[in-house]
Structures are given as C-alpha cells and as structure tokens.
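Architecture at a glance
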Number of protein chains: 2
Amino acid sequence: MSEVHAARRTRLRDRCQASGSASALVSRPANVRYLTGTAPQGAVLLLGRTEDLLLCPGPPDDRTDGRPDETLCVQTLRGPAGDPAVAAADLAAGQRADSLAVEEHHLTVARHRAIRSVVPRLRLADLGCAVEQLRVVKDEEEISCLRIGAEIADQALGELLESILVGRTERHLALELERRLVDHGADGPAFPTSVATGPNSGRRAHRPTDRRVEEGDFLSVCLGATYRGYRCEIGRTFVIGTSPAGWQIELYDLVFAAQRAGRESLAPGAAYRDVDRAARQVLDSAGYGEGLPVLTGHGVGLEIDEDPQLAPAAMGKLDACVPVTVEPGVHLPGRGGVRIDDTLVVRPEADGGPELLTITTKELLAL
Amino acid sequence: MSEVHAARRTRLRDRCQASGSASALVSRPANVRYLTGTAPQGAVLLLGRTEDLLLCPGPPDDRTDGRPDETLCVQTLRGPAGDPAVAAADLAAGQRADSLAVEEHHLTVARHRAIRSVVPRLRLADLGCAVEQLRVVKDEEEISCLRIGAEIADQALGELLESILVGRTERHLALELERRLVDHGADGPAFPTSVATGPNSGRRAHRPTDRRVEEGDFLSVCLGATYRGYRCEIGRTFVIGTSPAGWQIELYDLVFAAQRAGRESLAPGAAYRDVDRAARQVLDSAGYGEGLPVLTGHGVGLEIDEDPQLAPAAMGKLDACVPVTVEPGVHLPGRGGVRIDDTLVVRPEADGGPELLTITTKELLAL
C-alpha cells in the first residue's frame, strides 16, 4: 500500500509545482490519511521540497489509526511542543522552500498567523481543495473497502428486519444497528445511524428519539459502515403491519421512481446537476417540489459527505470510479415520508453501468 | 433559561466593548450553544450592535439541538445562501458596526477572507477565547446537568459489573455501555467509550479492539454521558478473577494514591500545575515519571475537553464551581496498567471541599 500513498503524494506535488509552490502543508485529517495511510489526531503532512514528513503531536498508534506509509518519515513532537502545523512550516523553511501552500479552507486564522510569525519569510499560498479533488475518483482498492462496508450495512439491516420491531424505540433500533455493524467487522458506524418512525419517517438525518414503532407506521432507516476508513450509506423505508395504506404505496412508488431515475442517470460524463434533476423532477412534477432536500446525493469515501454534490447548482461532471449516493426523499409534516438511499459507483456502460453497492431490496416491505 | 443565555451574551458584549469591538461573530459550536441554548449544524451567532441574531443554514430542530433562547432573533438562510458567517458579517456592517471580533482560533482562513471580501470596510478583530473563558466557571444549572450525567454513567458502569465479563470483547463491552447510557436517559456517550483489557489496560483513550477479557486481566473502562449537552467522565480499573497478582495490587494502590492526591489538592485558588504536580509526583517518585500522559485532568462541560488543563506548564488557578477530571494512570507496555478517573466540582472548604460527581467505588474490585 505504501506505493499507493507515495504515488498520491507525487500527483499532489506535481499540482503544487504547476501552481508555483514547491511545498505544501496538509492539515485536514481525511486528506492526511489519503496521502499517508494514517491520520493520528492533530497530525499534519508536510510535502517538502526534499522530503515528506508526517508530524504527530503524540506517538501514532497503528492499531487504531492505520499504518503510516513506509516511504514516509514520521516525526513525533514531544511534550507541549506546540502546533505541528507551525513545526512543519519551520521545517519547510529549513528545506529552503520560499513558498508553502496551506489548506485555507481548513487552517484557522490563528494557526495561519502563528505560522507567519514563526517563519515570516515563507510565502503562504492556498492549496485549495487540491487533495479533495484527487480523492474524488477512487482506485479499485478504495472501492473494494466501500463494497465490503456496504455488505456489512446490508447484513446489519437484514438482521434487524427479521426481528420484532413494534414497540421498540428509534433510539434502541439505531443502537442495535450500530452494534450489528461492529459485529460484522465495521470499524464503526459511518455516521450517526438514523431511525425514524411514523411522523418522523422520511426526514433526512433524523436523530432517533424515544418514539416507539407502531402498527401502520412508515419506518425509515439510514445507516452505513466504516471499513478501513471508507464510509458508505444505505437508506430504506418500510411499512409496519400487514398492509400499507393507499397514500403510503403511492408515496413510496413516487420516491422509488425518483431514486431510480437518479440511479439510471449515473454515467461517466453526466453533469452533477443532471443527475439531481433526473430525480428531482419526478418529485417536482408530482407536486413535492417545495421542501425537498438541497441535495439528491453526494460522494462518499474517507468522509461520508465528499465531493461531488448532486445538487441543482453543482458544476462538474461525473467520472468513472466515483462512488456517490442517490437519496431522494419526501417528508410530509405530521404524516411522515419515504427516503431511499443507495451507494453506487459510476461505471461506463461497457462495464455494465453503475455498480450498486447496497443491495438490500427496494421493494416496499410490510414488516 | 432564556434569561441565562441573554445574561451570558451581555457579559460577552461587555468584554467586547471593553476591547474596542461593538460586535462579535461566534462560530465555534459549543460557544454558540452556550450563548443561545442551541447550536444547529453550521449556525453562527452575531452579537450585534443593536440586535443579536442566530443565523442557521437550515431550520433549527428543537428536538435535537435544544431550544433557542426566546429573546434571540433566529434567521434561517434559505437555499444555497452561502456561509452564515459571511451573512452575519454583512448584517453587522448593516448595523453600522465598524469592527467585528471573530473567533480566529475557529474560523478558517478561507472564511475570514470571504468575510473581508464581502464587507471590506469592516475591521476584523480577534475575539480570542473570550467565550471559552466565560464557560470555565459553571452555574448550578450546568453543574446539575453534569451531576445527572455522572449518575447515568455510574449506573451504566454498575450494571456492566454485574454481568459476566470473561470471554467478551472490548468492542462489545463498549457498545453495551453506550447502550446502557442511552437507556438511562443520556443524549448519548460524551466521547467514544474506552474498554481496555490485559495489555491494553491503562492506556488513555484506548480504542476498543476484538481482544476478549481473560482471567487475570486488568480491565480499564472510561465512559461518560452527555446530558442536556453537558459531558462528564468516569474511569475505573478492575481485575478479572478471584485474586489480583501482587504487581496488580501494588500498581493499583499507587495510581489510587496519585489520584487521591490530585483530588485532595482541588480547591479555589489552587494553581492548575500544582494539582497536576500533586498527582504526578506520586507516580514519579515510584519510578513511573517517564511516559506519563501530558495531562492529569481537564475541565468538562459542553465539550469533554475544556479549559482548564491540569498539566505541568498550565498557567492559572482554579475557581469554585469549575468541574474537572482527575485521571492519572500508568501503562506498562506489554503488561497493562491502571487508570482512575473522576469528575469533580471545585468547591471551597467551607462547602465541604471538592464535590465528587462520579461515585462508583474506587476499591480494587476483583470481578
């Protein structure tokens, strides 16, 4: 794996040099992990003129943070040695860099100022989202971690569906799902598990309450596993009891159609906004245009909410090997609603089109 | 409660005005919550010249984020309206402020730059850690939330001790503790629950692995509950089996003595570093000075790791009504170790001295 990380650093270095900075300071944890294989708390990566260095405030712990790339020099700051970002800038100056690109969207004003005061002659440039952009297209190793995470989430969800649900609270169901994720080998949940019943169902990122599952409820569940740092997402909506009401079937079919339209529009070269529009217009033309979430989906990877954003104003086009969620939903205040959420990998049609990672059925199950 | 939040904002306003800024922008989530009673994701507080305003990227949800103070004006940004911090700065300029104090230790360089470009004539000053300083001394309402949180953590831990432990993994025990916290009314765990067995025992913030509890192990557990936003912490070490080994008893007694020395030195007016030294020198004089954690304890409140820090180089003195942890520990690589961690509130001797919130026994239990 260490060649993978070294190759990623080389690509980033090429980008930096093209924009006039011989060295860069990476501080955003997911970016540090992407480029080094590990991200101990507070660690920063110096992409130096002559040498790359991972600076950690304490000794890295490979059991919990992943193993740092062997081609990388790791330096542990001892005691109250201050901010690793400042130490890194100082080292960059020592390597005779005249300019250092920093992640201005992550570095605070106070840290930026501290760097300037310690190494005033170093020109500070903006690295922007260069690492986030590198992260958008995944390699097969990364996709394989997402695939395993999705299998784990499917298993956890499948087991829950076999148990008795009526009378249990949203909070308990969410905790049980998280336990099952870990049982099946996840590092942990990819984000706080959402279980929403009755009038709460269909709300995006609903935080579980003490409401109990009742006959006739919609039950919507959204969960994901983290596997080797990679985070996936699945969301499904069920109905509790023997037969769904007419409005429930109608709403479900509508959201299902919207989600399918989104999925089917995933292809290399498709504009982000067109994927969003494909799903959104199904809901819009049925009169649910108001109050829809701002996103139809988003990228996933080392973070659960990465680029790209599938939204009306998003700029850009999908590439092959970009994993995204497609997750339209409708929530009717006071009544509840439906969300259906899959993680898929964009693939060319010649390879069979989008690869569905979360394979739990999307039929409307009555539980 | 709303008068409480309004009074806190008045105190902050007085501080700002004393340092020459008529308005302030608070962006750090725990600080926003402290001053308003709520902190929806991405929300910022504008402490304006004429009016205070909570700016939210989406509608606040009082079931999950707490209820915003009624004396406060809440404004929801619709659609992709951009950064609430930029919108707040724009409003400050509209209220004819000529200077705005921002949290430079939280605001990123990119956001700071965006504010400057939208309202170039507004002078940006540094609010520093003014809100964090206000947060150090707690009122009785806040302490009561911590007390309830500590009771919940004690209950969860007590129940675990009654169950069979041998053969279960660290990860399962941690998940079970978290479930019990929620069962007993916690909002959730205050931080990732740590369960460490055998050679892992005694490590600070150890992340649970698949190692199973064995006869003869030390078992160290650290958990906490969040209750109405307030986070407490308790840590205990047990021994598994009928009779602890000699080295286990010796090490336990030593860490217990260090922890007691730290607890007994808590008093209004005591220097942070003296509390640290009281605990540290017990371990140091027994030959464990190397490899000790950098902290003996820290403040708790809306965040689990707040000011003050009880550490060798910390500057400052304790006040009454400051809740802190006292948590020395020793970890012997390959063998394991002991941590003992309490949350206490500093009280004057006339009021009975430090108030212990986490009351689970600190006798060495053989389970």
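Here the structure is a predicted model, which is why all the values come from computation and not from measurement. (Residues numbered from 1 in each chain as written. Chains lettered and ligands numbered in written order. Predicted model: local features only at pLDDT ≥ 70, side-chain atom pairs only at ≥ 80, totals over all residues. Heavy atoms only, no water.)

**Side note on the relation of the copies chain B and chain A**
Rotating chain B by 180° and translating it 0.0 Å along the rotation axis places it on chain A, where the RMSD comes to 0.0 Å. Read as a symmetry element, the transformation amounts to a two-fold axis. No C-alpha of chain B approaches the rotation axis more nearly than that of T108 of chain B, which lies at 2.0 Å. When the interface residues of chain B are mapped onto chain A, 100% of them again fall at the interface, so both copies present the same face. (Least-squares fit on C-alpha atoms with pLDDT ≥ 70 in both. Contact = heavy atoms within 4.5 Å.)

**A closer look at the interface of chain B and chain A**
Each side of the interface is counted separately: chain B has 25 residues, and chain A has 26 residues. Seen at the junction of chain B and chain A, the total is two salt bridges. In this structure, E104 of chain B engages R113 of chain A in a salt bridge whose closest nitrogen and oxygen atoms are separated by 2.3 Å. At the surface where chain B touches chain A, the tally comes to 12 residue pairs in polar contact (both at pLDDT 80 or more). Counting residues per element, the side of chain B that touches chain A draws most heavily on helix 8 (residues 170–183) of chain B, which supplies six residues. Tallied by class, the residues present in the side of chain B that touches chain A amount to six nonpolar, eight polar and 11 charged. (Salt bridge = Lys/Arg side-chain N within 4 Å of Asp/Glu carboxyl O. Polar contact = N/O pair within 3.5 Å; in protein donor to acceptor, adjacent residues only side chain to side chain. Helix = DSSP H or I, 4+ residues; strand = E, 2+ residues; numbered from the N terminus. Nonpolar A, V, L, I, M, F, W, Y, C, P; charged D, E, K, R; others polar.)

**Let's talk about helix 1 (residues 2–18) of chain A**
All names here are of chain A. For helix 1, which comprises 17 residues, the first-to-last C-alpha distance of 24 Å matches the rise-based estimate of 24 Å (1.5 Å per residue) to within 8%. Among the residues making up helix 1, those that are buried are S2, H5, R8, R9, L12, R13 and C16. End-on, the buried residues of helix 1 take up no more than an arc of 140°, which puts them together on one face. Along helix 1, the residues that are exposed and aim more than 90 degrees away from the buried face are E3 and A18. Phi turns positive, to about 90°, at G20, one or two residues after helix 1. (Expected span 1.5 Å × (residues − 1). Buried < 20%, exposed > 50% of the residue type's maximum accessible area, 1.4 Å probe, protein only. Arc of directions from axis to C-beta.)

**Concerning the side chain of T108 of chain A**
Mapping T108 of chain A onto the fold places it in the loop between strand 5 (99–102) and helix 5 (109–118). Residue T108 of chain A is classed as buried on the basis of its relative accessible area, which comes to 10%. Within polar-contact distance, the side chain of T108 of chain A engages the backbone nitrogen of R111 of chain A at 3.2 Å. Look past the residues within four positions of T108 of chain A in its chain and what remains in contact with it is E104, H105, H106, L107, T108 and V109 of chain B.

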